[in-house]
Amino acid sequence: MATLTDEIKRRRTFAIISHPDAGKTTLTEKLLLFGGAIHVAGAVKSNKIKKTATSDWMEIEKQRGISVATSVMGFDYGDYKINILDTPGHQDFAEDTYRTLTAVDSVIIVVDVAKGVEMQTRKLMEVCRMRNTPVIIFVNKLDREGRDPFDILDELESELKIGVRPLSWPINIGAKFKGVYNIYEKTLDLFKPDKQKVQERVEITDVNDPRVDEAVGEVDAAKLREDLDLIEGVYPDFDVAQYLDGKLAPVFFGSALNTFGVKELLDCFVKIAPYPRPTRAEEREIKPEEEAFSGFVFKIHANMDPNHRSCIAFVKVCSGKFERNAPYKQVRTDKVMRFAAPTAFMAQRKNVVDEAFPGDIVGIPDTGNFKIGDTLTEGENLHFRGLPSFSPEMFKYIENTDPMKSKQLEKGIRQLMDEGVAQLFVNQFNGRKLIGTVGQLQFEVIQYRLLHEYGAQCRWEPLSLYKACWIESDDDAALEAFKKRKHQFMAVDREGRDVFLADSNYVLQMAQNDFPSIRFHFSSEF
Ligand code: G4P
C-alpha cells in the first residue's frame, strides 16, 4: 500500500501562466492529451475570457460558469499524479491568478517566440519571485516567424530577472523550422505539423552523429552544433537545486498547437519539478508528511445558477490525509465541519472523493461559510500566510439605489469580498464605502451578482485615485500626524487596518519623503 510519503512524492501541482494569447490554453490541452485525460485536442473549454468580451458581460458569465470544471485538472502520467491549476487569462482577474499561485509548487511560463516577455508575464513572475516558486519556461509558436532564440533567452533573463538555461534548442524557426534538439535527453525530434500526434524522433546518441546531418541537412546541422557550443560556453550546466530555489529557469522550445516539444517539457517537468513543499503558517512551518490534515482555501468559485446561491471553496491540502466526513476545524470560526460531498477534479470531471493528499485540491460545496485564506485542521490553530491582497488600482464608491434592500446589499458585498472578488475600504473622512479592483470588469461582476444573487441594486460613483496602500509605523506619533494631515484620504480595510488612498504617484512619493518613519505597503501581507 502506498504510504503518505509515496503519495506526496508522486504529486506535481503547478500552474501555467502567460500573457493572453501566448498559448497557455493550447499547452494545457496538450498536456491533458499526453496524460490521457482527454482524447482529442479541442476538448478543453478553458475559462479563457477573450479580450473582445470585455463589454459582453453575459458571455463572460457563461465562460466563468464552465470554468469550474477546468479550474483544476488532475490526471495521472506514468507514476505521477499531476494537478494543473488553471488561472484566468483575462488580466482583470489577475488577483485570482495571484492567489492560485499560492497553492502551487511550481509554474510553467509560456512565452510567444515573436512577442517575447509581455506585461502580464512580467507581473506574474514578480509573484513567483516573492515565493521563490520554481519556474520552467516554454517558448511557444516556433512554427511561426519569431525572434532569434538567443535574443529571447537574453530577454527572459533581463525582463524576468531569473537565470535561464536552455534544455532544448530549435533548428530554425518559422517556415524553416525543422525540429528541436533536446539537450537534456540528447535526442533529436523532427518537426511535422500535426495537431494530434507526437512527432518523429531521430535516434541519436550525440549531436555529432551523422544522422543529424541526414535529418536536417549539413548547413543546419553545422549551425545547431555551433549554437550548442555557444550555449555550453555561455550558460552554466543545468543545476536542479538552483531551479528548485527559484533562481534558474530551464527553457524549452516548441509549438503547443502542433504538439511539438510538449512531451519533452512534460517528461522533464515530472522529473525535476518539486513535489508538495512545506507551507508557512503564522505559527510554524507545516510539512506535507505530517500525519494531521491541514489545508487552506485559496479560491472560492461562485456557482452561476441564480436560483440557489452556492459556491465551491477550493481547498489545497497542505499536510496529512483529507478524508470525507471527517471532522475538521475551521480555524477562523472555531467551528467543526464535516464534508459529505468533497470533489476532486480528475480528467476534467468532478467526482466525489473519499480522500485526498498534499498537493491535491478538494472542492467543497459552500453556502457562504468560507472566506479566502480560511484554514482547516484537525484541531490545531494554524493561519496560513501568503494570500496577500495587492493594492488595487481602480476605485469606485458603491451606492445603494434601493433603500429597501440595504441588508441584502450589505450581505452581498460581504460575501463577494470574502470570495475575493474585490476589496472593500471605508473612507474614514466621509464614512463612504469604496471598492478597489484591478480591472474594470470586477465592477460589472459585482453589480451583476449583487442584483442576481442578492436582489440588491447598486450604483457606482467614479473616484480618481492612484493607489491604496497599507501603512504602519513604529512611531505612533508620526502615524497619528500622518493620519491627521491626510484625514480626507484615510480609509480602513475589512480587518480595520489603516489604508492611505493616494490620488497620484506624486502625492504618494511626497508622503513617503515627508514621513520616512512610515512604511507604505503595496500588498496586504507585511
Ligand atoms: P492563451 O490561453 O495563452 O490565451 O492562448 P491560446 O492557447 O488560446 O492560444 C492563442 C492563439 O495562439 C490561438 O489561436 C492558438 O491556436 C494559437 N497557438 C497556440 N500555440 C500555437 C503554436 O504553437 N503555433 C501557432 N502558430 N499558433 C499557436 P486563435 O486563433 O486565437 O484561437 P483558436 O481560434 O485557434 O482557438
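Note that the structure is a prediction, hence the values are computed from the model and not measured. (Residues numbered from 1 in each chain as written. Predicted model: local features only at pLDDT ≥ 70, side-chain atom pairs only at ≥ 80, totals over all residues. Heavy atoms only, no water.)

**Observations concerning the overall build of the protein chain**
We apply this condition: Counting from the N terminus, the helices are the DSSP runs of H or I reaching at least four residues and the strands are the DSSP runs of E reaching at least two. Any two residues whose heavy atoms approach within 4.5 Å at even a single point are treated as in contact. Computed with a 1.4 Å probe, the accessible areas rest on the Shrake-Rupley method; for each residue, only the protein chains presented here act as cover.
Secondary structure summary: the protein chain contains 14 helices and 31 strands in total. By sequence separation, contacts in the protein chain at least 24 residues apart represent 72% of the contacts at least 6 residues apart. With the model as given, the accessible surface of the protein chain reaches about 22,300 Å², and the carbon-plus-sulfur share is 50%.

**Regarding a negative patch on the surface**
What counts here: Like charges are joined within 9 Å and nonpolar side chains (Val, Leu, Ile, Met, Phe, Trp, Tyr) within 5 Å, but only among residues with over 30% relative accessible area and no salt bridge; these make up the patches. When a carboxyl oxygen of Asp or Glu is within 4 Å of a side-chain nitrogen of Lys or Arg, the pair counts as a salt bridge. The charge count treats Lys and Arg as positive and Asp and Glu as negative. His and the chain ends do not count. Here the site of a charge means atom NZ of a Lys, CZ of an Arg, CG of an Asp or CD of a Glu. Exposure categories follow from relative accessible area, calculated using a 1.4 Å probe and restricted to protein chains: below 20% of the type maximum is buried, above 50% is exposed, and the middle band is partly exposed.
A surface patch of like charges, here negative, comprises Asp148, Asp151, Asp154 and Glu157. Counting through the fold element by element, Asp151 comes out in helix α6 (residues 149-160). The partly exposed category is assigned to Asp151, whose relative accessible area is 41%.

**Some thoughts on the nonpolar core**
We count it as follows: To qualify as a nonpolar core, a set must consist of buried Ala, Val, Leu, Ile, Met, Phe, Trp, Tyr and Cys residues joined through side-chain atoms within 4.5 Å.
Counting residues in hydrophobic clusters, the biggest one holds 65 residues, and the most contacted among them are Ile137 and Leu156. Top element by residues in this core is α6. It accounts for 5 residues. Residues in contact with Leu156, not counting those within four places in the same chain, are Val111, Val117, Ile137, Val139, Lys161, Ile162, Val164 and Val251. Counting 30 residues, the second largest nonpolar core, distinct from the first, contains Tyr77, Ile84, Phe138 and Ala256.

**Notes on the sheet that holds strand β31 (residues 518-521)**
We count it as follows: For two strands to pair, DSSP has to find at least two bridges joining them. Axes, fitted as lines to C-alpha atoms, cover a helix only where it is in contact. Angles between the N-to-C directions of the axes lie from 0 to 180 degrees.
In spatial order, the strands read β27-β24-β26-β25-β29-β30-β28-β31; together these 8 strands make up an open sheet with antiparallel pairing. Here the strands that pair on one side only, and so sit at the sheet edges, are β27 (458-463) and β31. Averaged over all adjacent pairs, the angle separating strand axes in this sheet is 40 degrees, with direction ignored. Where strand β25 (residues 423-427) lies against strand β26 (residues 433-437), 4 bridges are found, and the strand directions are antiparallel. Bridging across to β26, Leu424 finds its partner in Ile435.

**A word on the packing of helix α4 (residues 94-101) against helix α5 (residues 119-130)**
Worth spelling out the cut-off: Throughout, a crossing is termed right-handed when the near helix is turned clockwise from the far one, and left-handed when it is turned anticlockwise from it by less than a right angle. In this classification, Asp, Glu, Lys and Arg are treated as charged, Ala, Val, Leu, Ile, Met, Phe, Trp, Tyr, Cys and Pro as nonpolar, and every other residue, Gly included, as polar.
Across the interface, α4 lies against α5 with an axial gap of 10 Å and an inter-helix angle of 35 degrees. In this structure, the crossing between α4 and α5 has a hand that is right-handed. Between α4 and α5, the residues in contact are Ala94, Thr97, Tyr98 and Leu101 and Gln120, Lys123, Leu124, Val127 and Cys128, respectively. For the contact of α4 with α5, the class distribution of residues is 6 nonpolar, 2 polar and 1 charged.

**Comments concerning helix α13 (residues 476-485)**
Heads up, the rule is: The reported arc concerns the directions from the helix axis to the C-beta atoms and nothing else. Polar contact is the term for a pair of N or O atoms within 3.5 Å; when the atoms are in protein, one must be able to donate a hydrogen and the other to accept it, and sequence-neighboring residues count only if both atoms are side-chain atoms.
What α13 keeps buried is the set Ala478, Leu479 and Phe482. Taken down its axis, α13 places every buried residue within 100 degrees of arc, on the same side. Seen from the open side of α13, the exposed residues pointing more than 90 degrees away from its buried face are Asp476, Ala477 and Lys484. Residues of α13 that are buried in the fold lie against β28 (467-473), β29 (490-492), β30 (498-502), α14 (505-514) and β31. Sitting at the amino-terminal end of α13 is Asp475, which places a side-chain oxygen 3.2 Å from the backbone nitrogen of Ala477.

**Remarks on unusual backbone geometry**
Within the chain, Asp21 stands out as a residue other than glycine whose phi angle is a positive 85 degrees. Mapped onto the fold, Asp21 is located in the loop between β1 (11-18) and α2 (24-34).

**Focus: the environment of Lys192**
For Lys192, the location among the structural elements is in the loop between β9 (187-190) and β10 (200-202). For Lys192, a relative accessible area of 48% translates into the label partly exposed. Each C-alpha atom of the pair Lys192 and Thr259 lies 9.6 Å from the other, and the pair is 67 residues apart in sequence.

Scope: geometric values only; no functional claims are made or implied.
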